[in-house]
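So the chains spell out like this:
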Amino acid sequence: MAPPAASSPDWRALALEVDPPAIIYDASALEAAVEELHADLTVVPGAELAFAVKANRSPGVLRTLARAGVGADVASVPELRAAQAAGMRPIHATAPAFGAVDLKDLVAAGARPDLDGMTQLRTWSTAFPDDRQIGLRIRAPVPPVEREHDGGRRWSRFGVDVADPALHEALAELGLEVVQLHIHAGEMANPERVALIGEVLEAATQLFPGTMLLNVGGGLAALYGDDERVGSAWTALGASVARIGAQLGRAPRVVVEPGMLVAAMAGVLVTEVRAVETPRGAEAATVTVDASAWALMPWSVARVLDAVPERSEAPSLVDVAGSSCYERDWLVIGARCPLPRPGDRLVISAAGAYVTSMARNVHGVPLPDEWILDGGRLERATFT
Ligand SMILES: Cc1ncc(COP(=O)(O)O)c(C=O)c1O
């Protein structure tokens with residue numbers, strides 16, 4: 001995952017400026033993550049970044065990314081509106097449930113959606129009888145290690161099978177030319193997987209010589225768990241893109257769509273401690289806070305970054321529990337910090353991606369307010 005900004009904000013001071021629970025984003029951490037990715041991607045000719053807005057719709061986050069020259073990947077009209085309001089350009093789009101009205105909104109905003117299946121292909125053809133150039137999302141293979149989570153499925157449920165004769169018959173019948181290819185491969189966890197995506201795109205562009213733009217999706221956080229792998233992964237993709245360019249006779253644009261990688265570590269959750277229990281015989285104390293991991297951050301691997309006030313006792317083993325009545329609602333298991341007391345504030349890491357953008361409304365508790373620290377100032381950044 002991308003490193004935090006060179007100098008970390010004073011979370012302890014900031015935690016006292018907001019009403020918990022609240023999320024605070026750090027604009028400089030977002031900028032640092034973008035800068036690092038841009039530098040890594042110099043080995044992929046024509047590469048540009050589009051932030052996956054599904055990961056975060058906060059206007060503060062999107063405005064910061066727009067300022068850093070990052071485009072948007074949207075999967076709904078509300079995401080489109082958030083990206084437009086933040087001034088993100090260009091806008092890319094793909095989602096399996098787009099209907100004619102969504103497609104029209106996207107096109108009106110200057111996007112060319114990557115159509116997800118045969119149904120969308122036909123919807124497009126009826127909605128835009130005069131626009132014959134389309135983007136296609138192509139089906140990616142599911143790696144063997146991930147198949148067990150996916151009912152044994154060998155192929156992603158998203159996108160079309162480029163080798164399916166029925167696809168080519170439909171394209172010919174409807175008079176459509178494919179000019180964009182989009183592949184999102186789930187977790188691009190290792191260089192081999194990224195190289196495989198390159199190979200799939202090389203094969204696909206032979207079938208679609210009108211291709212001008214390749215979109216390789218996101219799923220990069222796992223790859224960035226090991227710096228050593230990053231260089232060889234991008235070099236392999238760069239080699240595929242160069243071969244595609246040679247074969248097409250022109251260099252395609254290449255869009256990379258990170259969500260988690262850019263934003264996860266750029267946000268913290270400020271919580272208030274509501275209860276401290278030290279169950280008899282248990283190794284760790286249970287510290288319950290006023291926000292729910294289950295509702296807000298089921299995918300995050302979080303840490304306790306700071307506590308306010310700073311207590312001087314020796315560190316204890318602490319499990320930080322969420323506020324819901326769900327048994328497995330844990331924000332952090334096995335933290336080491338001086339035992340907090342009710343009313344203290346805890347700053348929890350990894351709250352920048354897939355938190356408010358996909359939160360559960362458990363017990364009817366409202367979502368935390370969102371703030372962004374930008375240029376030394378704390379500003380409201382809640383998506384409305
Ligand atoms: C099409 C597409 N692009 C990009 C992403 C972002 O992936 P991540 O947040 O893992 O980087 C997703 C995530 O589901 C996606 O579906």
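Residues numbered from 1 in each chain as written. Predicted model: local features only at pLDDT ≥ 70, side-chain atom pairs only at ≥ 80, totals over all residues. Heavy atoms only, no water.

**Q** Tell me what's going on with the nonpolar core, and back it up with residues and numbers.
**A** Nonpolar side chains tend to gather and get buried jointly when the protein is soluble and globular. Residues Phe51, Met88, Leu136 and Trp234 are the most contacted members of the largest nonpolar core, which totals 103 residues. Per-element tally for this core: the top contributor is helix H10 (residues 227-248), with seven residues. Mapping this core onto the domain boundaries places at least three of its residues in each of domain 1 (27-262) and domain 2 (264-380). Excluding residues that lie within four positions of it along the chain, Leu136 makes contacts with Asp114, Leu115, Leu121, Val160, Leu167, Val178, Gln180, Leu181, His182 and Phe208. Of all hydrophobic cores here, the second largest spans 13 residues; its members include Trp11, Val18, Ile24 and Leu378. (Core = buried A, V, L, I, M, F, W, Y, C linked by side-chain atoms within 4.5 Å. Buried < 20%, exposed > 50% of the residue type's maximum accessible area, 1.4 Å probe, protein only. Helix = DSSP H or I, 4+ residues; strand = E, 2+ residues; numbered from the N terminus. Domains from an automatic or database assignment. Contact = heavy atoms within 4.5 Å.)

**Q** Describe the pattern of salt bridges, with residues and values.
**A** The tally for this structure, following the rule as stated, stands at 17 salt bridges. Between Arg81 and Asp105 there is a salt bridge whose closest N-O contact spans 3.6 Å. Taken together, the positions of Arg81 in helix H4 (residues 77-85) and Asp105 in helix H5 (residues 100-108) put the pair 24 residues apart, joining distant regions of the chain. With a closest N to O distance of 3.4 Å, Asp369 and Arg380 form a salt bridge. (Salt bridge = Lys/Arg side-chain N within 4 Å of Asp/Glu carboxyl O.)

**Q** So what's going on with the pairing of strand E10 (residues 267-277)? Which residues, and what values?
**A** Of the strand pairs in this sheet, strand E1 (residues 22-26) and E10 are connected by four bridges, and their pairing is antiparallel. When the sheet's bridge partners are listed, Tyr25 is paired in E10 with Gly267. Pairing between E10 and strand E15 (residues 345-348): four bridges, direction antiparallel. From the neighbouring strand, Glu272 faces E15, where its bridge partner is Arg345. Note that E10 and strand E11 (residues 285-289) share four bridges and pair antiparallel. Bridge assignment links Ala275 to a residue of E11, and that residue is Thr288. (Pairing = 2+ DSSP bridges.)

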